[in-house]
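Below, each chain spelled out in residue letters.
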Amino acid sequence: DGGITQSPKYLFRKEGQNVTLSCEQNLNHDAMYWYRQDPGQGLRLIYYSQIVNDFQKGDIAEGYSVSREKKESFPLTVTSAQKNPTAFYLCASRTGRWFYGYTFGSGTRLTVV
Amino acid sequence: AQTVTQSQPEMSVQEAETVTLSCTYDTSESDYYLFWYKQPPSRQMILVIRQEAYKQQNATENRFSVNFQKAAKSFSLKISDSQLGDAAMYFCAYIAGANSKLTFGKGITLSVRP
């Protein structure tokens, strides 16, 4: 079945360490997105990519980095510069038919201690 | 910039009753789509319903329907015959064009009383 796979489901890291969250899709979607979800904040866009080897900053990109070397993969690195990294992270993708909305992965809960 | 506002953080409904979740948005675009997503305790985002701005007819999907008031920029979700499985967080979202990004409200937590 086609879908988006985010791994791991739970991730724990020590403060000051970089950590990479995985997002893989087999839907043949061109565009991929990373959102951060905090209680009472809704979903906020971190980075997005509409085509391989190209990506743009979203609303809260500081302290994060991404790459898009393959169509299927859009990993997110949470760097030590991110001041409050503990959150739930959601990856999404869409077809060229943007009006159908996005397909989401099941998310990664990152806890930094 | 487009904004989506969900002013009620929590709501509760009795099983089998009807509940309406409110959403307003702000945009200068004329062609856009609106969505309601459901996020159950599993945290998987599920598309519930979508509405095209150019369509006057309100969208319906089984027990879910919307009240789309374009002039008022209002997009509420009505859940009829509420079930225990409807308990979740619901997000209103907006997008306008291929270069636009899906913008979400802050969400509302719906609880269903047995």
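So, a few notes on the structure that sits alongside this text. (Residues numbered from 1 in each chain as written. Chains lettered and ligands numbered in written order. Predicted model: local features only at pLDDT ≥ 70, side-chain atom pairs only at ≥ 80, totals over all residues. Heavy atoms only, no water.)

**Topic: the overall build of chain B**
Secondary structure summary: chain B contains 0 helices and 12 strands in total. Against the compact-globule benchmark of 13 Å for 114 residues, chain B has a radius of gyration of 14 Å, which places it among compact chains. Taking the principal axes of its C-alpha atoms as reference, chain B extends roughly 40 × 25 × 20 Å. Long-range pairs, those at least 24 residues apart, make up 55% of the contacts in chain B between residues at least 6 apart in sequence. Element-wise, carbon and sulfur atoms account for 46% of the exposed surface of chain B, whose accessible area totals about 5600 Å². Distance between charge centroids for chain B: 4 Å, based on 11 positive and 10 negative side chains. (Helix = DSSP H or I, 4+ residues; strand = E, 2+ residues; numbered from the N terminus. Rg over C-alpha atoms; globule rule 2.2 N^0.38 Å. Contact = heavy atoms within 4.5 Å. Areas by Shrake-Rupley, 256 points an atom, 1.4 Å probe, with all protein chains shown as cover. Lys, Arg positive; Asp, Glu negative; His and termini not counted. Charge placed at Lys NZ, Arg CZ, Asp CG, Glu CD.)

**Side note on the overall build of chain A**
A count of helices and strands for chain A gives 0 helices and 11 strands. Shown N-terminal to C-terminal, the secondary structure of chain A runs as helices and strands in the order β-β-β-β-β-β-β-β-β-β-β. Against the 2.2 N^0.38 benchmark of 13 Å for 113 residues, chain A shows a C-alpha radius of gyration of 13 Å, consistent with a compact globule. Reported as C-alpha extents along the three principal axes, the dimensions of chain A are approximately 40 × 25 × 25 Å. Put simply, chain A has 113 residues, and 48% of those count as buried. Once local pairs closer than 6 in sequence are excluded, the contacts in chain A between residues at least 24 apart make up 51%. Of the roughly 5500 Å² that chain A leaves accessible, carbon and sulfur atoms contribute 46%. Across chain A, 13 positive and 10 negative side-chain charges occur, with their mean positions spaced 4 Å apart. (Buried < 20%, exposed > 50% of the residue type's maximum accessible area, 1.4 Å probe, protein only.)

**Overview of the nonpolar core**
Residue and element names in this part refer to chain B. Judged by nonpolar contacts, the single largest core of 27 residues is most densely connected at Leu21, Trp36, Leu77 and Tyr90. Secondary-structure elements contributing two or more residues to this core are β3 (19-21), β5 (33-39), β6 (46-52), β8 (64-69), β9 (74-79), β10 (88-95) and β12 (108-113). With 4 residues, the single largest contributor to this core is β10. Apart from the residues within four sequence positions on either side, Tyr90 is in contact with Gln6, Leu21, Trp36, Tyr37, Lys38, Val48, Phe64, Leu77, Ile79, Gly107, Ile108 and Leu110. (Core = buried A, V, L, I, M, F, W, Y, C linked by side-chain atoms within 4.5 Å.)

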